[in-house]
Each structure stands twice: as structure tokens, then as C-alpha cells.
Amino acid sequence: MSAAADWRRQLREAWRSPDALRRDRFPRMQVTPGMREAALRFRMAVTPHYASLVRVPDFSDPIFAQCVPSQDELRAAPFASPDPLGEVRSMPVPRLVRRYPDRAVLLASSSCACYCRHCFRKRVSGVPEPSASDAELAAVARWLGANPEVDDVLVSGGDPLLMPDTRVRAVIDALSSVSSVRVIRVGSRLPATLPQRFTPALVRILAAPARRGGPAVYLMSHFNHPRELAPEALRALRALVDAGVPVCNQTVLLRGVNDSADTLEALFRALYHARVRPYYLFQTDLAEGIEHLRTPLATGLALMRELRARLSGPAIPNFCLDPPGGGGKIELSPESVVRRGRGETLLRNGRGELFLYPDPQDAARRFGSERADTADSTDTSGASRQ
Ligand SMILES: *Cc1c(COP(=O)(O)O)cnc(C)c1O
């Protein structure tokens, strides 16, 4: 079978209801009316590859919990919204979301191979809708040409790489045709859910622009659990990196799936070994139908503190959240700054030990504007009383 036939067969054979998954794959799986209703409300698909990573067909399994609809998705969530990041309000041209001066997101398609139960873009993904047309891509390219301060375009969706090779090439070509676009980041969950998609032909399409002196193309993968790094996934990652496509990974922190230091350590270590840079660890967004997977912020902060002690620097991602309503990502770090005082800062290292760090002697004079910041914080002389 050709490589292309292999990924298309995975899609054709994907299970699209809990009952179909039980009938063909997991006869001992329990299906409740709530699961059927959740699958109607938020679309379901599970590829044979992703199903093969399940060990126990119930919600205690981190793979099963990410792809099989749970009745918890129907629970009312007081803070949840269909568009938690307010993306609809920041679209200067159809399909393009812009929230930073120099970066924009292109929503190229709405389909995925597997529908993540934790998706924050459930308003888009799984809604059957055509992917970006030539006319839409031309309008996006025109807008980018008129706004050259945007030099980095993130291609997202849905999953842009689920489109046929010709459409992936059309997106890459449209963006590469704008001389001010220097980076194209392609966000895809397929390395985890459909690694067969990374055929030599697709890898060539992604590697082509940089070889011609055009924009750098990065692949932004989405692995959440070490078990997703199956041999097929590792082969896909190796093909990309060997071809000169750098891969960065975004992980979503999910309750009961990966909210333990051991799991995240194993995931980030394995990615690092595979030449993939762990880039972001995201706090789960306030989207509809995913509240049961959200952790308290304190969990993520405690995990980051623990990971700092266990992993090499390049293997540690930034812990971020997208504030409700938009406004751009906010980076969260376990607090190393305990207190800022006049001319000095009280710091805490990973083991909880305290240190006083002095500013340069003339800092107050040279950086007069920092005085406001200094004035409303407590004096660090309290340090000795701790
Ligand atoms: C996340 C995001 C980006 C990219 O942010 P980085 O921090 O550069 O990865 C750009 N635009 C929007 C709307 C985003 O949500």
C-alpha cells in the first residue's frame, strides 16, 4: 500500500460514535446515553492508530480520555464560552486572527483526524465547513502584503495537515508569496493521532520554502502524553527534523491525563530526545465541554517547579494561559521573585531557599521610572524575619 493510501485508510476507518468504537474495537467498553449525547454535541473521531495506543478502554486511560466523549462534557460550566479567547472579534479578514502586532493565526480548515475532547476551538473544529479556498487565501495574502509588520503566520484550524497535499501546498505558497512573511508555523495534532500523514511528499512540501530561501516553516506538534510517542510518531518527527523542519511541541495540561510530574517529565524528556523542543504547556481554556479536564492553576505551578528540578533547560516548556476574552498569552512561573524592595529583590530557588539579589548601585537614578514599581512593594528587610 502506498504511503498516501495508508493515511486515507486510517481516516476512512476512524470511529465516529461511541457505539461504533465499542462494536469494532473495544467490546468491553461501556457506552452511556450521556456519552452518545456528548458525541452528538461535540463531534467524535478516533483513528485506528490512536485507538491502538489505548490500554484500558475507560476514562482512566489517558489516550481514551482524550478522544472518547464523556458525559461530563454536557455539564454546565459557569465560566465557559464557545469562543473563550474572543477570536471572532479579532479577525481583520476572514480566516485570519490577529492579536499581536507581528503575528497572526490562519484558520485553514475545520476538520481533524481525532477530535480532542479538550479542544478550546470546538466552535470551529468538527463543524463541517470547506477549507480555505484560493480566493480566501488570495485575500489573506493581500492583507498580509498591506500589513508587513506581521512576519509570522500560524496555520491552524482544525488541523491544516488533514487537507490534501495540493491544498497544503496552496496555503504554504500563498503565505510564501508575501515577502514580509518570514516564518510559517503549522500547528498539527497529526504527529500524535495520524503519523502516517507525514509522507515523503508532505515533508517535501513543508521543507521547500526554507530551501528556496523563503520563510522558515516550523511544525508545532501537540503531544500530551508519552504514550503518544509511538514508533510511527517518532518516525514522522525524525523525517521532519531530518528534512530541516524544526518541530516545537505544545502540550495541554489535562486533569487525569498528564497532571503528574512523572508523566510530564517522561513526555518532555522523550520529545527532547527526539529533537523536538517542548515549547508551551497550556493551562486548559475556559471553553464549553472541557471543564472536567481543567486543573487548578496551583497544580500547573507546582508541576513546573518540580520539572525545573528534574529536566534540562531546553526540555522545559513555558507554562501559559490565554486569559478569558483574549489579550494574548500570559506566562506563569513558579514564583522566584518573593518580594521586590528598594535596590534589591528577594528570590527563591527551586529548593525553596531564599536569596537577596542587589540591583546595581546607580539603578534607582538611571531607571527612575522603576520607582513606581518599587514604591508599592514591601521592603525586603522583612526577609530576615522569615
Ligand atoms: C498563541 C497565539 C499566537 C502565537 O503566540 P506565540 O506566543 O508567539 O506562540 C499568535 N496569535 C494568536 C491569536 C495566538 O492565540
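Residues numbered from 1 in each chain as written. Predicted model: local features only at pLDDT ≥ 70, side-chain atom pairs only at ≥ 80, totals over all residues. Heavy atoms only, no water.

Caption draft 1: Representation of the pairing of strand 3 (residues 152–157). Counting buried positions along strand 3 gives five out of six residues, so the element sits mostly inside the fold. In terms of strand pairing, strand 2 (residues 103–109) meets strand 3 through six bridges, oriented parallel. Residue pairing across strands places leucine 106 opposite valine 155, the latter belonging to strand 3. Crossover connection from strand 2 via helix 6 (residues 134–146) to parallel strand 3: handedness right-handed. Summarising the sheet, strand 3 and strand 4 (residues 183–187) pair through four bridges and their orientation is parallel. The residue bridging valine 153 from the neighbouring strand is isoleucine 184, located in strand 4. (Buried < 20%, exposed > 50% of the residue type's maximum accessible area, 1.4 Å probe, protein only. Helix = DSSP H or I, 4+ residues; strand = E, 2+ residues; numbered from the N terminus. Pairing = 2+ DSSP bridges. Right-handed = clockwise from strand over helix to strand, strands pointing away.)

Caption draft 2: Examining the sheet that holds strand 3 more closely. Spatial ordering of the open sheet is given by 1-2-3-4-5-6-7-8-9, a layout of nine strands whose pairing is mixed. Two strands lie at the open edges of the sheet, namely strand 1 (96–97) and strand 9 (330–332), each paired on one side alone. In this structure, strand 6 (residues 247–253) lies alongside strand 7 (residues 276–283), joined through seven bridges in parallel fashion. Across the sheet, valine 252 pairs through a bridge with phenylalanine 282, a residue of strand 7. Those strands touched by helix 11 (residues 261–273) are strand 6 and strand 7, and its axis lies near 150° from that of strand 7. (Contact = heavy atoms within 4.5 Å. Axes fitted to C-alpha atoms, helices over the stretch in contact; angles between N-to-C directions.)

Caption draft 3: Local environment of the domain arrangement of the chain. Each assigned domain of the chain is listed with its residue range as follows: domain 1 (3–74), domain 2 (88–325) and domain 3 (337–374). Summed over both sides, the interface of domain 1 with domain 2 buries roughly 2,700 Å², with 60% coming from carbon and sulfur. The three residues of domain 1 that bury the most area against domain 2 are Trp7, Arg43 and Gln66, which together make up 29% of that side's buried surface. Run the count over domain 1 and domain 2 and you get two salt bridges. The salt bridge involving arginine 227 is made with aspartate 61; its shortest N-O contact spans 3.0 Å. (Domains from an automatic or database assignment. Buried area = accessible area lost by both parts, 1.4 Å probe. Salt bridge = Lys/Arg side-chain N within 4 Å of Asp/Glu carboxyl O.)

Caption draft 4: Expanded view of the side chain of arginine 227. As for its placement among the helices and strands, arginine 227 is situated in the loop between strand 5 (216–221) and helix 10 (231–242). Take arginine 227: its relative accessible area is 19%, and that puts it in the buried class. Of the polar contacts made by the side chain of arginine 227, one reaches the side chain of aspartate 61; its length is 3.0 Å. Not counting residues up to four positions away in its chain, the partners in contact with arginine 227 are Leu53, Val54, Arg55, Asp61, Pro62 and Ile63. (Polar contact = N/O pair within 3.5 Å; in protein donor to acceptor, adjacent residues only side chain to side chain.)

Caption draft 5: Seen up close, helix 1 (residues 3–12). Looking at helix 1, one finds that the buried residues are Trp7, Gln10 and Leu11. All buried residues of helix 1 fall inside an arc of 100° around its axis, so they share one side. On its buried side, helix 1 packs onto helix 4 (48–51). (Arc of directions from axis to C-beta.)

Caption draft 6: Structural view of the packing of aromatic side chains. By the definition in use, this model includes three aromatic pairs. Both rings, one in tyrosine 279 and one in tyrosine 280, keep their centres 4.0 Å apart while their planes meet at 35°; by these two values the pair is tilted. Each member of the aromatic cluster is reached from another via a ring pair, and the members are Tyr279, Tyr280 and Phe282. Between the NZ or CZ atom of arginine 103 and the centre of the ring of tyrosine 100, over which it lies, the distance is 4.0 Å. Directly above the aromatic system of tryptophan 7 lies the positively charged group of arginine 197, at a separation of 4.1 Å from the ring centroid. (Phe/Tyr/Trp six-rings, centres within 6.5 Å; stacked < 30°, edge-to-face > 60°. Lys NZ or Arg CZ within 6 Å of the ring centre and 35° of its normal.)

Caption draft 7: Structural detail: the packing of helix 7 (residues 165–176) against helix 9 (residues 200–211). Two elements in contact, helix 7 and helix 9, have axes whose closest approach is 10 Å; the angle formed by their N-to-C orientations is 0°. In terms of axis orientation, helix 7 runs roughly parallel to helix 9. Residues Asp165, Val168, Arg169, Ile172 and Ser176 of helix 7 lie in contact with helix 9, whose contacting residues are Ala201, Leu202, Ile205, Leu206 and Pro209. A class-by-class count of the residues in the contact of helix 7 with helix 9 yields seven nonpolar, one polar and two charged. (Parallel < 35°, antiparallel > 145°, perpendicular 65-115°, else oblique. Nonpolar A, V, L, I, M, F, W, Y, C, P; charged D, E, K, R; others polar.)

Caption draft 8: Spatial organisation of the environment of arginine 22. Along the chain, arginine 22 falls in helix 2 (residues 18–24). Linking arginine 22 and proline 57, residues 35 residues apart in sequence, is a C-alpha distance of 9.1 Å. Ignoring sequence-local partners within four residues, the contact set of arginine 22 consists of Pro27, Met29, Val31 and Arg36.

Caption draft 9: Focus on the confidence of the model for the chain. Looking at the chain as a whole, its pLDDT mean stands at 91, while 94% of the residues score no less than 70. Below pLDDT 50 for its whole length, residues 368–386 participates in 25 contacts with residues either more than four positions away or in separate chains. (pLDDT = per-residue confidence, 0-100.)

Caption draft 10: Quick look at the site of the ligand. Val97, Arg99, Tyr100, Arg103, Val105, Leu154, Arg185, Tyr279, Tyr280 and Lys329 make up every residue found near the ligand. In the environment of the ligand, an oxygen atom lies 2.5 Å from a nitrogen or oxygen atom belonging to the side chain of tyrosine 280. Of all the secondary structure elements, the ones that give two or more residues to the shell around the ligand are strand 2 and strand 7. Looking at the shell around the ligand residue by residue, the classes come out as six nonpolar, no polar and four charged. (Near = heavy atom within 4 Å.)

Caption draft 11: How the structure looks around the pairing of strand 2. In terms of residue burial, strand 2 counts as a mostly covered element, since six of its seven residues are buried. Pairing between strand 1 and strand 2: two bridges, direction antiparallel. For valine 97, the partnering residue across the bridge sits in strand 2 and is valine 105. Where strand 1 folds back on strand 2, the antiparallel hairpin that results is connected by five residues.

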